[in-house]
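Summary of the model geometry
Take a look at the letters that make up each chain.
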Amino acid sequence: MSKDPDQQRSPLQKLLDDPTKFPNLRDYARQFQAALGMTRGQVNKALGHQKAEHFFRWDRAQWRLVTEKTYKQLLKLPRDPAFEPRPWTELKTEYDRLKDSYPKEEESRFFEYQKGVTEVITHSTVAGQWHNSDHPTTKPVPLAQILIRSTCRPGGVILDAFMGSGSVGMAARLEGRKFIGIEKERQWFDLATQRINNLDDLLPKKHPQKGKITSLDVSQM
Ligand SMILES: C[S@@+](CC[C@H](N)C(=O)[O-])C[C@H]1O[C@@H](n2cnc3c(N)ncnc32)[C@H](O)[C@@H]1O
């Protein structure tokens with residue numbers, strides 16, 4: 001029996017299929033196309049590919065923001081000089097903000113599909129660049145990041161009731177999620193607090209969380 005195609009679409013695909021969502025960005029795409037004075041087919045022909053096709057589906061399902069590369073190509077096409085194009089990074093910021101602001105559907109509360117994430121995640125057991133820990137079972141921070149991105153909305157709260165050296169807390173904060181950690185051993189509690197509090201110093205300048213990670217509130221029982 002074939003599956004209901006509606007159930008096979010991710011929550012994000014469903015959002016992008018709904019012409020009432022992303023109204024400003026869709027309208028911007030409409031204005032851009034009007035400034036080009038071309039049909040979608042003509043744009044495809046002018047670009048030599050169909051990568052802008054979904055950007056100009058502003059009035060229907062399967063709308064998508066173009067990639068930066070394709071956007072740059074679109075900017076080179078002749079257009080009405082009265083039209084002032086917006087920078088792609090600005091469009092992307094708005095797109096990401098809107099994407100996160102729409103309520104996800106029930107199904108996505110458990111596990112949202114992401115490229116490369118399936119029921120079985122294969123990952124190196126080495127904790128990588130964040131492995132500044134003597135705890136005997138420290139987990140790789142990037143692995144926790146994959147799980148957090150897949151199960152918790154940006155701005156949501158991650159609870160690790162067996163915090164150990166705080167790898168999950170580090171991952172939560174790297175992903176812009178709030179974090180509550182509980183650990184019974186003083187030694188590991190202090191190490192976790194230290195690793196999480198020092199995270200900002202380890203981040204490269206351009207990391208999206210740089211400067212946004214504040215110190216933890218610490219309570220002791
Ligand atoms: C497997 S380790 C966690 C490792 C951690 N996820 C990491 O990556 O560093 C489990 C931790 O839970 C702590 N623990 C065990 N029982 C606990 C309890 N009842 N309350 C709080 N922490 C506990 C242990 O001290 C240990 O550090």
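Quick note: structure is the one above.
Please read these numbers as outputs of a predicted model, since none were measured by experiment.

**Some details on the pairing of strand S1 (residues 157-160)**
Note that S1 and strand S2 (residues 178-181) share four bridges and pair parallel. If you follow Val157 over to S2, its bridge partner there is Lys178. Handedness of the S1-helix H8 (residues 167-174)-S2 crossover: right-handed.

**What about the site of the ligand?**
Around the ligand, the structure places 14 residues, and the nearest of them are Lys139, Phe162, Gly164, Ser165 and Ser167. For the shell around the ligand, the class distribution of residues is four nonpolar, six polar and four charged.

**Focus on the nonpolar core**
Nonpolar side chains in soluble globular proteins generally cluster together in the buried interior. Val168, Met170, Ala171 and Ala172 are the most contacted members of the largest nonpolar core, which totals 17 residues. Elements represented by at least two residues in this core include exactly helix H7 (141-151), H8 and helix H9 (186-197). No other element matches H8, which puts five residues into this core. If you look at the next biggest cluster of nonpolar residues, it comprises 15 residues, including Leu16, Phe55, Leu65 and Tyr71.

**Looking at the environment of Leu202**
With respect to the helices and strands, the residue Leu202 is situated in helix H10 (residues 199-202). In the structure, Leu202 is positioned 72 residues away from Trp130 in sequence and 8.5 Å away in space, judged by C-alpha atoms.

How each quantity is defined
- Position numbers for residues start from 1 in each chain and track the written sequence from start to end.
- Per-residue local features are limited, in this predicted model, to residues with pLDDT of at least 70; the limit for side-chain atom pairs, both in listing and counting, is 80 or more; totals at the level of whole chains, interfaces and linings are taken over all residues.
- When DSSP finds at least two bridges between two strands, those strands are taken to pair.
- Runs of E in the DSSP output that reach at least two residues are strands. Runs of H or I that reach at least four are helices, and both are numbered from the N terminus.
- Here is how to tell: hold the view so the strands point away, follow the path from the first strand over the helix to the second, and if it runs clockwise the crossover is right-handed.
- Think of it this way: take the backbone, place a C-beta atom on it, and check whether that atom is within 6 Å of the molecule or strand, in which case the residue is near it.
- By the convention adopted, Pro, Cys, Tyr, Trp, Phe, Met, Ile, Leu, Val and Ala count as nonpolar, Lys, Arg, Asp and Glu as charged, and the other residues, Gly among them, as polar.
- Residues of type Ala, Val, Leu, Ile, Met, Phe, Trp, Tyr and Cys that are buried and joined through C-beta atoms within 7 Å form what is called a nonpolar core.
- Residue burial here comes from a neighbour count, namely the number of other C-beta atoms, placed from the backbone, that lie within 10 Å of the residue's own C-beta, with 20 or more meaning buried, 12 or fewer meaning exposed, and in between meaning partly exposed.

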